[in-house]
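# Reading the structure
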Amino acid sequence: MNDDDMYVRHQTLTAMVNVLLHDLRNPLHSGTLLIEAMGAKTADVDALRGKLRAQLGKLDALISEASGTIKDLAVEPRLTTVGVDSLARSLDEAFRAAGGDATLVLPPSSSWAVFVDARLLVCAAAEACIAVTERQAQQPNPPSGPATVVIRVAEADSEMLRIELGDFALAREGTGNKTPFAVAGSGVRLALARALSQNAGASLRLELGPDSLAHFTILAPRAPASS
């Protein structure tokens, strides 16, 4: 796929998302009015309930129709072998470019390599690192001075490597604990980070360490052994 094709796909995808978000507002607005109308003493609740179901059906139809087109517009990930050291250096640069101002403590040099879409994975990790600093700042006793995000790399098993991003105290209450990667739970940043990591051929999850501090972990497939 050449640059012109990718440009057209990107512009079309952006337009499709904007159209979808705009059209979703109409049934949502109508549904809100119907719910308010149910509170009236003279309301025909059964009739209003049927109309509300119809509006919800419109929402489902809009999402189903758009999702297929959006998937068709997606560009296939570019999976390549990349060294963990190279990923770490790229992560530091991407973190700064995304507005991160914490100190990233990169892992010791190693010969490990993963098989992923490096650019997508670096973007995902940068978003997750910024999310770590945001959570550190919200702790009851936030760290004094510049925030620090420690990057750790370890073997998960014979097929996967673990890339752990930072440490922070996990809040015990709130939607974010139950759905940490949902837009409604923790905002767009983490939801985007998880989606990007999946597109890159890896996965992102929230883990609790033995010290009761939480961190985000990327599980990435090892690069195949060279023949």
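Preceding this paragraph is the structure being described.
Heads up: these notes are all about the structure in this document.

What counts and what doesn't
- Residues numbered from 1 in each chain as written.
- Predicted model: local features only at pLDDT ≥ 70, side-chain atom pairs only at ≥ 80, totals over all residues.
- Heavy atoms only, no water.
- 1 Å grid on protein atoms, 1.4 Å probe; cavity = no way out; pocket = protein on both sides within 12 Å on 5 of 7 lines; lining within 4 Å.
- Points joined across faces, edges and corners; volume = space filled by probe spheres on them.
- Helix = DSSP H or I, 4+ residues; strand = E, 2+ residues; numbered from the N terminus.
- Nonpolar A, V, L, I, M, F, W, Y, C, P; charged D, E, K, R; others polar.
- Expected span 1.5 Å × (residues − 1).
- Buried < 20%, exposed > 50% of the residue type's maximum accessible area, 1.4 Å probe, protein only.
- Polar contact = N/O pair within 3.5 Å; in protein donor to acceptor, adjacent residues only side chain to side chain.
- Salt bridge = Lys/Arg side-chain N within 4 Å of Asp/Glu carboxyl O.
- Axes fitted to C-alpha atoms, helices over the stretch in contact; angles between N-to-C directions.
- Parallel < 35°, antiparallel > 145°, perpendicular 65-115°, else oblique.
- Left-handed = near helix turned anticlockwise from the far one by under 90°.
- Contact = heavy atoms within 4.5 Å.
- Lys, Arg positive; Asp, Glu negative; His and termini not counted.
- Phe/Tyr/Trp six-rings, centres within 6.5 Å; stacked < 30°, edge-to-face > 60°.

One way to see where empty space is left: roll a probe the size of a water molecule over the atoms. Evaluated as defined, the whole model comprises one cavity of 30 Å³ or more. The calculated volume of the largest cavity comes to roughly 120 Å³. Forming the walls of the largest cavity are Val-84, Leu-87, Ala-88, Leu-91, Pro-107, Leu-121, Val-122, Ala-125, Ile-151, Val-153, Ile-163 and Ile-218. Where the lining of the largest cavity is concerned, the elements lending two or more residues are helix H3 (84-97), helix H4 (118-137) and strand S4 (148-155).

So, about the layout of surface pockets. In this model, the largest pocket occupies a volume close to 1000 Å³. Residue lining of the largest pocket: 26 residues in total, with Leu-13, Val-75, Leu-120, Leu-196 and Asn-199 positioned closest to the centre. When contributions to the lining of the largest pocket are tallied by element, the ones reaching two or more residues are helix H1 (3-37), H4 and helix H7 (188-199). Of the residues forming the lining of the largest pocket, the biggest block, seven residues, is contributed by H7. Considered class by class, the residues forming the lining of the largest pocket number 16 nonpolar, five polar and five charged.

Our focus in this paragraph is H4. The first and last C-alpha atoms of H4 sit 29 Å apart over 20 residues, in line with the 28 Å expected at 1.5 Å per residue. Summarising burial for H4: 15 of the 20 residues are buried, a large majority. Capping the start of H4, Asp-117 holds a side-chain oxygen 3.3 Å from the backbone nitrogen of Arg-119, two or three residues further along.

Our next topic: the pattern of salt bridges. For side chains of opposite charge, pairing can occur when their charged atoms come near one another. Taken as a whole and assessed by the stated rule, the structure comprises ten salt bridges. Across the pair Arg-49 and Asp-46 runs a salt bridge, and its minimum N-O distance is 2.9 Å. Of this pair, Arg-49 and Asp-46 both sit in helix H2 (residues 45-73), separated by three residues, roughly a single helical turn. The salt bridge partner of Glu-134 is Arg-189, with a shortest N-O separation of 3.4 Å. A residue pair is termed long-range when its members are at least 10 positions apart, and Glu-134 in helix H4 and Arg-189 in helix H7 qualify at 55 residues. The exposure class assigned to Arg-189 is partly exposed, which follows from its relative accessible area of 27%. When salt bridges that share partners are traced, they join Arg-152, Arg-162, Glu-164, Asp-167, Arg-205 and Glu-207 into one network.

This next bit is on the packing of H3 against H4. Between H3 and H4, the least distance of the axes is 9 Å, while the angle of their chain directions is 55°. Relative to H4, H3 is oriented oblique. As for how H3 packs across H4, the hand of that crossing is right-handed. Where H3 abuts H4, its residues Leu-87, Ser-90, Leu-91, Ala-94 and Phe-95 lie against Ala-118, Leu-121, Val-122, Ala-125, Ala-126, Cys-129, Ile-130 and Thr-133. Looking at the contact of H3 with H4 residue by residue, the classes come out as eleven nonpolar, two polar and no charged.

So, on to unusual backbone geometry. Positive phi is not limited to glycine here, since Ser-212 has a value of about 70°. Looking at the secondary structure, you find Ser-212 in the loop between strand S6 (203-208) and strand S7 (213-221). The class for Ser-212 is partly exposed, based on a relative accessible area of 44%.

Following the sequence through the fold, Asp-117 ends up in the loop between strand S3 (113-116) and H4. Among buried Asp, Glu, Lys and Arg side chains, Asp-117 stands out as unpaired, with Arg-78 the closest opposite charge at 5.9 Å. In this structure the side chain of Asp-117 is engaged in a polar contact, spanning 3.2 Å, whose partner is the backbone nitrogen of Leu-120. Residues in contact with Asp-117, not counting those within four places in the same chain, are Pro-77, Arg-78, Leu-79 and Ala-200.

It is worth spelling out the packing of aromatic side chains at this point. Within the structure shown, the criterion is met by one aromatic pair. Ring plane angle 40° and centroid distance 5.3 Å describe the contact between Phe-168 and Phe-216, whose orientation is recorded as tilted. With Phe-168 in strand S5 (residues 160-169) and Phe-216 in strand S7, this residue pair connects regions lying 48 residues apart in the sequence. With respect to class, Phe-168 is no different from Phe-216; both count as buried.

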